[in-house]
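Listed here are the chains, written in short residue letters.
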Amino acid sequence: MAEEIIRTLSVRGLRYRYRVLAQPAPCTEPVVVLGGALQGIHGWPQMDDHLGPFASVVTADLPGMGDADPLPAGSDDGLLREAVTGIIDDLGVPRVNLFGFSYGTSIAFGCARHRPGRVARLILGGVPSHISDGQRDDWRRAVDRLAADDMAGLAALAAAALMCQDRERRVHRRDLAQRYVRRSFLHALTHSPHAARSLLRPLEHRPDFSGGLTGVPALVFAGEHDTVTSPERQRAFAATIEGSRFVTIGESDHWVVLERPDDVADLVARFFTDRPLEQAPGLAALPHQPVRGSSPVGRA
C-alpha cells in the first residue's frame, strides 16, 4: 500500500515542500508533477489514481505556491529548477519521470535541458511557447483589476483569457470547467498570499522554450482548442525536441487537465511505463502532416 510522505526543503533560503505517494513496488522511476500556480501539492488526485499503481507520485508547493515561501519579484526559472533538483536529490534516486503542465512546462523543460541525466522521460502539456503581445495586453487588463480591488472581475477575465470562448468548438464540460476556474481564481485571490504575485509573473517573465533538447524521451500534448498557444505552435515546439512525440486531446482547451483529467492521466501513465499510446482514449489528430522531428500519434 502506498505511503504518503510530506517533506520540507529550502532553496536560496526559501522554504518549500513536496509530497510523495510512495509506491513500494514501482515499475518505473518516480513521477514528479509540476503544474500551474493553482495546482500545488494537493492538486493532482487523478495522477495518484492512474500512476499510483506503477510509480511513486511526487507533487510540490514550489516557492510562490501553496504553503511555500513567496517567490521574490524578478526571479527566473533557475531558482525553481534548483528547487526541483532538491526534490530529486532528497528522494535519493538518480532519475525521475518529469511531467510539466502550463506554468510548470518551462520549469520541467529547463530541468531536462540543464540536467538531462536526471530525467528518465519528459511530458509537457499546454506549453505556452508563444504568447502574443495582444494576449499580454489582455492579461494586463485583467491584472489591472487588482488596483480596483475587483477580485471577481479579475477572476472572470483571467479565466476567459485561459479558456476557449468559441462556442463553435466543442469543449468537454465547458461550462463546469469555466465556473470551476473562475471560483478557483477568486478563492486564491482572497485566500492565498501568492495569488497576486502569480498573476503578475507572466507580465514580468517570459519563459524560455528555445534551444531544443536531446537525449530525453519526450511527449508534448495539447488540448485541440487551446487558445493560449495553438496546438500547431506547440507541435512546432515539440519538433525542437529530438525524437519527441506530439498528440492532441479532443474536445478540450488549455485546461485539458480539468476537462479531460482521466484521459490526461492515462496518457501520462502509458508514456512513463513505455506502453503504446495509440489506443489512449481522447486523442485527436491535427489536420496536417507531422513537423520534421516529431512523431505524432492519434486518431480522428
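No experiment lies behind these values; they were computed from the predicted model shown.

All told, the structure shown has 24 salt bridges when counted by the stated rule. Residue Glu-29 is joined to Arg-95 by a salt bridge in which the shortest nitrogen-to-oxygen separation is 3.2 Å. Residue Glu-29 is found in the loop between strand E2 (14-22) and strand E3 (31-34), and its partner Arg-95 is found in the loop between helix H2 (77-91) and strand E5 (96-101); the two are separated by 66 residues along the sequence. Look at Arg-95 and you get partly exposed, because its relative accessible area is 37%. Of the charged contacts, one joins Glu-29 and Arg-121 as a salt bridge, the two residues approaching to 2.9 Å between their closest N and O atoms. In this pair, Glu-29 sits in the loop between E2 and E3 while Arg-121 sits in strand E6 (residues 119-125), placing the two residues 92 residues apart along the sequence. The network of salt bridges with common partners includes Glu-29, Arg-95, Arg-121 and Asp-274.

Overall, the predicted model of the protein chain reaches an average pLDDT of 90, with 94% of residues at or above 70. For residues 286-300, every residue scores under 50 in pLDDT, and the model assigns this stretch 37 contacts once sequence neighbours within four places are set aside.

Another point: the packing of aromatic side chains. All chains considered together, the criterion is met by seven aromatic pairs. Between Phe-101 and Phe-221 the ring centres are 6.5 Å apart and the planes differ by 15°, which places this aromatic pair in the stacked class. A residue pair is termed long-range when its members are at least 10 positions apart, and Phe-101 in strand E5 and Phe-221 in strand E7 (residues 218-223) qualify at 120 residues. Phe-101 gets classed as buried once you look at its relative accessible area, which sits at 1%. Residues Phe-271 and Phe-272 carry aromatic rings whose centres are separated by 6.1 Å and whose planes lie at 55° to one another, so their mutual orientation is tilted. Residue Phe-271 is classed as buried on the basis of its relative accessible area, which comes to 11%. With a relative accessible area of 0%, Phe-272 lands in the buried category.

How each quantity is defined
- Residues numbered from 1 in each chain as written.
- Predicted model: local features only at pLDDT ≥ 70, side-chain atom pairs only at ≥ 80, totals over all residues.
- Heavy atoms only, no water.
- Salt bridge = Lys/Arg side-chain N within 4 Å of Asp/Glu carboxyl O.
- Helix = DSSP H or I, 4+ residues; strand = E, 2+ residues; numbered from the N terminus.
- Buried < 20%, exposed > 50% of the residue type's maximum accessible area, 1.4 Å probe, protein only.
- pLDDT = per-residue confidence, 0-100.
- Contact = heavy atoms within 4.5 Å.
- Phe/Tyr/Trp six-rings, centres within 6.5 Å; stacked < 30°, edge-to-face > 60°.

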